[in-house]
Every structure is written in structure tokens, then in C-alpha cells.
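Chain by chain, the residues:
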Amino acid sequence: MMKLKLSTLLLCLLIVVGCKKETTPNVVTFSGQLRNVNIDSVYVLLNNREKGFALDADGNFKDTIQLAHEGYFTFTEGRNEFPIYLIPGDNLVLNANYENLESSLKFSGKGEVRNNFIVSKENKIETMLSNEKVFYSKPANEYLQDVNKYYQAFLNDLDLIKNDVEASFYEAEKKNLYYEYLMNLFVYQDVYAYFNNQLPKLTPEFEKEIKNLDINNEKDYERLPIYRQLVSYVLDDHLKNQSINEVINKIKAQPIKDQFLQDLIQNIHQNSSDAALIYQAIVENTNNPKILEQAQLMKTKMDAAKNNAVANFSFPNSKNKIFNLSEHPNKLVYIDLWATWCRPCFMEFPHMKTLAEEYKGKDIVFLGISIDNEQNRAKWLQTIKEVNFNFEQVFAGEAAVASDPFLQQLTIQYIPRFVLIGKNGKLISSEAPTPSSTTIRKLINEHLDL
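No experiment lies behind these values; they were computed from the predicted model shown. (Residues numbered from 1 in each chain as written. Predicted model: local features only at pLDDT ≥ 70, side-chain atom pairs only at ≥ 80, totals over all residues. Heavy atoms only, no water.)

Trainee: An account of helix α14 (residues 343–358) is requested, with residue identities and associated values reported.
Mentor: Where α14 bends most, the angle comes to about 35°, and this point is Phe349, followed within four residues by the proline Pro350. Along α14, the positions that sit buried rather than exposed are Cys345, Phe346, Met347, Glu348, Phe349, Pro350, Met352, Lys353, Leu355 and Ala356. Where α14 is buried, its residues meet α6 (167–196), β11 (332–338), β12 (364–370), α15 (377–387), β14 (417–421) and α18 (439–448). (Bend = angle between axes of the 7 residues up to and from the residue. Helix = DSSP H or I, 4+ residues; strand = E, 2+ residues; numbered from the N terminus. Buried < 20%, exposed > 50% of the residue type's maximum accessible area, 1.4 Å probe, protein only. Contact = heavy atoms within 4.5 Å.)

Trainee: Go over the confidence of the model for the chain, please, and point to the residues and values.
Mentor: Looking at the chain as a whole, its pLDDT mean stands at 88, while 92% of the residues score no less than 70. For the chain, per-element mean pLDDT is lowest for helix α1 (residues 6–19), which scores 37, and highest for strand β8 (residues 106–110), which scores 97. Predicted confidence for residues 1–23 stays below pLDDT 50, and this span has one contact to residues more than four positions away or in other chains. (pLDDT = per-residue confidence, 0-100.)

Trainee: Outline the state of the cysteines, listing residues and values.
Mentor: Under the counting rule described, the total for this entry stands at one disulfide. Between the sulfur atoms of Cys342 and its disulfide partner Cys345 the distance amounts to 2.2 Å. On the S-S bond that ties Cys342 to Cys345, the torsion sits near 85°, and the link is right-handed. Residues Cys342 and Cys345 agree in their burial class; the two are buried. (Disulfide = S-S within 2.5 Å.)

Trainee: Residues and numbers for unusual backbone geometry, please.
Mentor: Put simply, Ile415 and Pro416 share a cis peptide bond, and its omega is 5°. Examined against the element boundaries, Pro416 turns out to sit in the loop between α17 (405–410) and β14. Located in the positive-phi region is Asn388, a residue other than glycine, with phi close to 60°. In this structure, Asn388 sits in the loop between α15 and β13 (392–395). A positive phi angle, close to 50°, is found at Thr411, a residue other than glycine. You can see Thr411 is positioned in the loop between α17 and β14.

Trainee: Hey, could you go over the environment of Arg377 for me, with residue numbers and the actual values?
Mentor: Note that Arg377 resides in helix α15. Note: C-alpha distance between Arg377 and Ala339 (38 residues apart in sequence) is 10.0 Å.

Trainee: How would you sum up the pattern of salt bridges? Please name residues and give values.
Mentor: Counting across every chain of the model gives 14 salt bridges. The residue Asp63 makes a salt bridge to Lys51 at a minimum N-O spacing of 3.1 Å. Placement of the pair is Asp63 in strand β4 (residues 60–66) and Lys51 in strand β3 (residues 49–54), with a sequence separation of twelve residues. Residues Asp220 and Lys175 are paired through a salt bridge, measuring 3.1 Å at the closest nitrogen-oxygen approach. Taken together, the residues Asp220 in helix α8 (residues 218–223) and Lys175 in helix α6 connect sequence positions 45 residues apart. Here the residues in one salt-bridge network are Asp90, Arg114 and Glu166, joined through shared partners. (Salt bridge = Lys/Arg side-chain N within 4 Å of Asp/Glu carboxyl O.)

Encoded structure:
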């Protein structure tokens, strides 16, 4: 047998080691500069965690991100949020003027093409929605044509960079664009109602587009934030017309089911039969200890708060006449807490007006309470005129949230917020079902003795 010289053996070893394919580290280097900056940090939101980047006096930053897999994440400086797509091994450099961040944002380095595509797309969407009222107030057939036109244009833009980006990003963004297209169709009815105070009439073509969404694509749910938002939106919409268990039975993928149950936990605040149903549904449909613990905590708080007496309140209406709760004994009181800056609040107005009309002459008072700041009082008055409410509207003001005993009792963290007070002056539900839900009539009827 021929023996190799030591030098020859070492050379062979060097060749083997030198030619060994290196694995891509699960690290992204992210750096850049924000000019004219007056903040000290920026962040990348990574699903359940965030990575902070400290800025020096000139707005420069640089650090690495440990990344388990590629995907869509969010860059934010605390004021705005921008989607980005990161792949392990990226060396991404951001450059922008903080004073006009949206229009000046630009990327360079490894990963620049895909992320500049996303920036360009976001800017085009911003232009598309420059007049939201006009865009969303079109008839359904015209709106569908417009949304489809933009969708096809974005697909064409994506094809132009196909050879300059990774195949994985190309396929992910293709799906992402489709789900964005569908999301625009799903939100149309609510946003149209917000601007026009009535629901639009959908065409068969429009309804066909939104009927066949697969809500059980576990892979897309894990990787695509827009798909998660879309599934959440669709499931919430199903709850308006179907029971909790009927909706849960539609969900086959456990991670999607767990997130849906997690989102339901906040509704255990409602002191109603629905709260008990929600709690039972959570217990029966997940083994996730975190979800079960949170649900139990909310149930315990809800049970402790049952039948609390409501503090009296008095606020002025648009004609400066005082509405006093104590002047409406032996009546249910269903309250809508809202403000002129709250778009979801406006989406509930048509449903609230319908509800008030249905129960006209019954032992129930419908009341809207504005928590706008004082500077928006004129805007509040204008809104009342435009919406033409068929029930009482009063102005509490933003300061009252922290000073009025009744509003303090509610611990208001978000709006719209709906409250149902019983004929005995005690709280039936501090977080009552919305007027657009199917359960509100059941709750009202239970306590109205119909």
C-alpha cells in the first residue's frame, strides 16, 4: 500500500476543510442612519419579541438579530410601522430622513431589492388610499374592479424583480399580495358603513371572491402576518351570525384555534351567559396552560364584579340639556362609549341605530357617551348632525375618564365599548356585546322581561 507523505496528507485535509460548504448563520445584520432624528432607539418586532437598536447622536445604529427562519417582520421607530422581509444572512442597511420617514425610507446591502419592493408597494398603497372616503365609498362592483387592478399591478411589479430576489420571498410575497387583496374585500362593508352610515349592496361576483377563504392553512398562518389578520377578521365576522362552538368547529389547525381562543378571553369581561359559554369553549378546546390560566383569571374577576351597583352620572347633550342616569329608573340602559377619532366606533353606528329602532317604546334607554377631548367638541356636534342619531348623545369628555366615578368604574382601555345597566341600577355587563353582534338582543331580552 502506498503511503502518503505528511505534507500531502495535510494538503488533502486543507482541501476538504476549505471546500466544505458553510452553513448560513441564523443572524441578520441590521444597520443604518436616521437623519434629523430626535429619538434614541428603533425596533424590529419579531413575532413575540422585539429587538431594540440604540441610535447615536447622528442617528446611526448597528446590531445583529438572531432569526430562526425568514419571514415578514416589522420595523418601527415608535411612531410608524413598516413591514420588512428578513432572511438569515442578510446584511441590511436602512437610510432615511426622520422628518419625512415614509417617503425617504430606502434600503441597501444584502436584502435591499426585496425590502425596497415592499417600501415601494407601501407608498403606492398610501397613494391609493390618499382619499379613503372616495376609495371605500364606491359601489361594490366598481370597488372590486379597482382593488383587482391594484392587485394585478403589484403582481406585475413583483415579476419584474423575480430574478433579483430569492425564490422563497417571491412565493411568499405572491401569497401575501393575494391575502392583502382579500383583506381589502373583507373590510369593504365595514369601512363603507363608516363613511356612509349604511351597509353597501354586494354583487354576486364580490361575494364569490370572499366566500372560499381557507382558514386552516397552518403554514401561511405561521409565516404571513396578513393571513393571520385575515383569519382573525373572518372568524370575528362569523361570530356575528354563528355560535361560538359553530365557529370553533370550523377551525381544524390547533395553533389557529388556540389564537382564536386567546382572542376570546377578553370577552369573559362580559357579565352574561356568553361569558360562561366562552369560558367553557376555551376549557374544552385547548390544553394550552397559558390560555387556560388567563381564562380562569378573567372568569374569577368577572364573578367578583357581578351585579355591582352603578355610580350615578350626568352629562350634557348637544343642546346642553343634562342627561342624568337617576332620572331613568326601572329601565335598562345600553351605552355606547365612543369618540370622533375612533373609526371602529363609526362602524357600529348603523347597527346601534337599528337596535334603538327595534326596541323603541320598550323599557330600555339607548345612550351614546363621547369621551372626546374638549378641542373636539365642535367635531362631536358635527358628527351628531351628520349621523342623525335616533337616540340620546351626551358629551363626557376625555378628562372625565379619569375623574367621573361611573367612567372610572369601567376602567376604559379601548373604544368602542358597550355597557348594559339593569333596571335595578346594577351592572349587567361592563363590556356588553356590540350592536352588530347577534348576542346583544339575547342579552337585552333576558333582562327586559319580554
